[in-house]
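Read off the chains here:
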Amino acid sequence: MTKPGSPGQDYDVVISGSGLAGSAAAILLARRGVRVALLERRSDPEAYKVLCTHSITANAYPVLDALGLVPALEEAGAVRNDARWHTRWGWIEPNGPSEGPELPHGYNVRRSTLDPLIRSRAVETPGVDLLLGHRVTGLVREAGRTVGVRASTPQGECEIRARLVVGADGKDSAVAKFAEVPTKSYENGRFGYLAHFRELPLPGGIGQAWFLEPDMAYAFPNDDGVTVLAVLPDKKRLPAFKEDLEGSFLEFVRALPEAPPIDSAERVSKFIGTVDYPLHTRRPTAPGVALIGDAALTSDPLWGVGCGWALQTAQWLTEAVAPVATGLREDLDASLTAYARTHRRRLTGHQQLAVDYAKSRPFKAMERLMFAAAARDTSMARHMYMFAARLIGPLGFLKPTALAKALVVNVRHRGANS
């Protein structure tokens, strides 16, 4: 699967990490004439990320389309994602009876399917060299700038130079560490465990989530008839939960409103989880360095936005730096500034809300207003879907007309039930 590359040669861009963000960036950059070294610390070309919601939100569909991956995902059995969310006011169902147009969709697909697929597409792209078993051990610097990486390889240490080094190496990014990029970390008040099941039907085959305030859970149908089921309780429950992981997981699921029939399902994976998953926000650039995906911003996994943002940030970076990376222009710093500006404008508001809700708390007044209205009115449910799919930002979600509509919906509901 790996092209015969020359680890000692120079490239336009070196990308550390051949997962979703790294492979997408490699493909998009190479199509613009950029020579890319795509480094992967693992030696297995079929390697994939295990701890993931396995959900690609609808905001990333245009990137999947640009990559040419939509037909391959459909053929692989990826499930077009929909949503139902349980709240104290009932179910929010965006695709309930409505005269509106069909809502945009993304996909639910296991990373064991997705990661090898996109990595293979990167390998097939002229201009990309996939270098497996290459772990970044440091950065090469000249005159205060990064001009390449040092890597540990099966053949020993090597140095790979490039105009730009891209960190697509996840929340614990080595590139970010070596570049001394400032990191802000925020505690996550929930822990989480997930497992894969077969024969676990969901109403209408639709993915669903439970907002239990403060606990959370979700179930997403994926390719090959596998449903990913996750629980995200408050950390106060962790000591008791760990005493009997399987029993606690099953008990939690059985207690969900309209719980999926877990006792008749077949578990086909081990329980995968994390007891401490802080949110990270990093400046996405440094001299000669750019960060994409979780390396730049790690959000709360309960929202299932990581895959979508990995793809989007790969595209934003490509649009900003491709002409510079090929040497057509020399203003790399200006291009990186443009990328950082887009990243900040598009994601900061979402991350601020995620950081606040990660405190594991009940809904605040504004959230109660919007969630209650969405459970009572299809148009408000569709509006919430557009926000959850990251197709609109917080300002669009909480625009005055939406707040006024939510208030009217809730007042009318109270009047009808008084």
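These lines cover the structure that appears in this document, whether it is placed above or below. The shown structure was predicted, so the numbers you read here are calculated from the model rather than taken from an experiment.

**A few points about the overall build of the protein**
Scanning the protein for helices and strands turns up 13 helices and 22 strands. A globule of 418 residues ought to have a C-alpha radius of gyration of about 22 Å, and the protein, at 22 Å, matches this closely. Dimensions of the protein, computed from the C-alpha atoms along their principal axes, are close to 75 × 45 × 40 Å. By residue count, 56% of the 418 residues in the protein fall in the buried class. Across the protein, contacts joining residues at least 24 apart in sequence account for 74% of those joining residues at least 6 apart. In the structure as shown, the protein presents an accessible area of about 17,500 Å², 52% of it carried by carbon and sulfur atoms.

**A short note on the sheet that holds strand S3 (residues 55–56)**
Read from one edge to the other, the open sheet built from three strands follows the order S3-S7-S4, with strand pairing classed as antiparallel. The open sheet is flanked by S3 and strand S4 (79–80), the only strands paired with a single partner.

**Topic: the side chain of Gln 315**
If you trace the backbone, Gln 315 turns up in helix H8 (residues 306–325). By relative accessible area, which is 19% here, Gln 315 ends up buried.

**A look at helix H9 (residues 332–357)**
Taking 1.5 Å as the rise per residue, H9 with 26 residues should run 38 Å; its terminal C-alpha atoms sit 37 Å apart, in good agreement. The largest bend in H9 is about 45°, located at Leu 347.

**Things to note about the environment of Gln 312**
Relative to the helices and strands, Gln 312 resides in helix H8. Taking the C-alpha atoms as reference points, Gln 312 and Ala 21, separated by 291 residues in sequence, lie 8.3 Å from one another. Once you skip the residues sitting within four places of it in the chain, Gln 312 turns out to touch Asn 59, Val 63 and Arg 346.

**Description of unusual backbone geometry**
The omega torsion across Glu 213 and Pro 214 is 15°, close enough to zero to call that bond cis. Looking at the secondary structure, you find Pro 214 in the loop between strand S14 (208–211) and strand S15 (216–221). One non-glycine residue, Arg 390, lies in the positive phi region at around 60°. Structurally, Arg 390 is set in the loop between helix H11 (378–388) and helix H12 (394–397). On the basis of relative accessible area, Arg 390 is assigned to the buried category, the value being 10%.

**A short note on the pairing of strand S13 (residues 192–198)**
A large share of S13 lies buried, amounting to six of its seven residues. Pairing of S13 with strand S18 (residues 272–274), which is carried by three bridges, proceeds in the antiparallel orientation. What sits directly across from Tyr 193, in S18, is Gly 273. Pairing analysis gives six bridges linking S13 to strand S16 (residues 226–232), with the strands arranged antiparallel. Looking at the pairing, Ala 195 lines up with Leu 229 of S16. Here S13 runs beside strand S17 (residues 266–267); their pairing, made up of two bridges, is antiparallel. Across the sheet, the residue bridging to Phe 197 is Arg 267, located in S17.

**Observations concerning the state of the cysteines**
What is meant by a disulfide is a covalent connection between two cysteines, made through their sulfur atoms. Per the stated rule, a full pass over the model turns up zero disulfides. With no disulfide partner, Cys 52 has as its closest neighbouring cysteine sulfur the one in Cys 307, 3.7 Å distant. Cys 52 sits in the buried class, given a relative accessible area of 8%.

**Brief notes about the layout of surface pockets**
Estimates place the volume of the second largest pocket at around 770 Å³. In terms of lining, the second largest pocket is formed by 41 residues, of which the most central are Phe 211, Trp 303, Phe 387, Ala 388 and Arg 390. Of all elements in the fold, only S14, S15, H9, helix H10 (365–376) and H11 reach the threshold of two or more residues within the lining of the second largest pocket. Per element, the largest residue contribution to the lining of the second largest pocket is five residues, and it comes from H9. Considering only residue class, the lining of the second largest pocket consists of 26 nonpolar, nine polar and six charged.

**A look at the sheet that holds strand S22 (residues 297–298)**
Read from one edge of the open sheet, three strands run S12-S19-S22, paired in antiparallel fashion. Two strands in the sheet have a free side with no partner beyond their single neighbour: strand S12 (183–186) and S22. Sheet topology places S12 next to strand S19 (residues 279–282); four bridges connect them, and they run antiparallel. If you follow Ser 185 over to S19, its bridge partner there is His 280. H9 rests against S12, S19 and S22 of the sheet, and its axis sits at about 155° to S19.

**So, the packing of H10 against helix H13 (residues 400–416)**
Close contact between H10 and H13 brings their axes to 9 Å; oriented N to C, the two are set at 65°. Accordingly, the angle class assigned to the pair H10 and H13 is roughly perpendicular. By crossing handedness, the relation of H10 to H13 is classed as left-handed. Along its contact with H10, which presents Met 366, Leu 369, Met 370, Ala 372, Ala 373 and Arg 376, the element H13 presents Ala 402, Leu 403, Ala 406, Leu 407, Val 409, Asn 410 and His 413.

**Describing the packing of aromatic side chains**
Applying the stated rule across the entire model yields 16 aromatic pairs. Ring plane angle 10° and centroid distance 4.5 Å describe the contact between Phe 387 and Phe 397, whose orientation is recorded as stacked. Of this pair, Phe 387 sits in helix H11 while Phe 397 is found in helix H12, placing the two residues 10 residues apart along the sequence. Pairwise contacts between aromatic rings join Trp 89, Phe 211, Trp 303, Tyr 357, Phe 363 and Phe 371 into one cluster. Over the ring of Tyr 277 we find Lys 171, and its NZ or CZ is 5.3 Å from the ring centre. We note Arg 390 situated over the ring of Phe 387; from NZ or CZ to the ring centre the distance is 4.9 Å.

Conventions adopted
Residues numbered from 1 in each chain as written. Predicted model: local features only at pLDDT ≥ 70, side-chain atom pairs only at ≥ 80, totals over all residues. Heavy atoms only, no water. Helix = DSSP H or I, 4+ residues; strand = E, 2+ residues; numbered from the N terminus. Rg over C-alpha atoms; globule rule 2.2 N^0.38 Å. Buried < 20%, exposed > 50% of the residue type's maximum accessible area, 1.4 Å probe, protein only. Contact = heavy atoms within 4.5 Å. Areas by Shrake-Rupley, 256 points an atom, 1.4 Å probe, with all protein chains shown as cover. Pairing = 2+ DSSP bridges. Expected span 1.5 Å × (residues − 1). Bend = angle between axes of the 7 residues up to and from the residue. Disulfide = S-S within 2.5 Å. 1 Å grid on protein atoms, 1.4 Å probe; cavity = no way out; pocket = protein on both sides within 12 Å on 5 of 7 lines; lining within 4 Å. Points joined across faces, edges and corners; volume = space filled by probe spheres on them. Nonpolar A, V, L, I, M, F, W, Y, C, P; charged D, E, K, R; others polar. Axes fitted to C-alpha atoms, helices over the stretch in contact; angles between N-to-C directions. Parallel < 35°, antiparallel > 145°, perpendicular 65-115°, else oblique. Left-handed = near helix turned anticlockwise from the far one by under 90°. Phe/Tyr/Trp six-rings, centres within 6.5 Å; stacked < 30°, edge-to-face > 60°. Lys NZ or Arg CZ within 6 Å of the ring centre and 35° of its normal.

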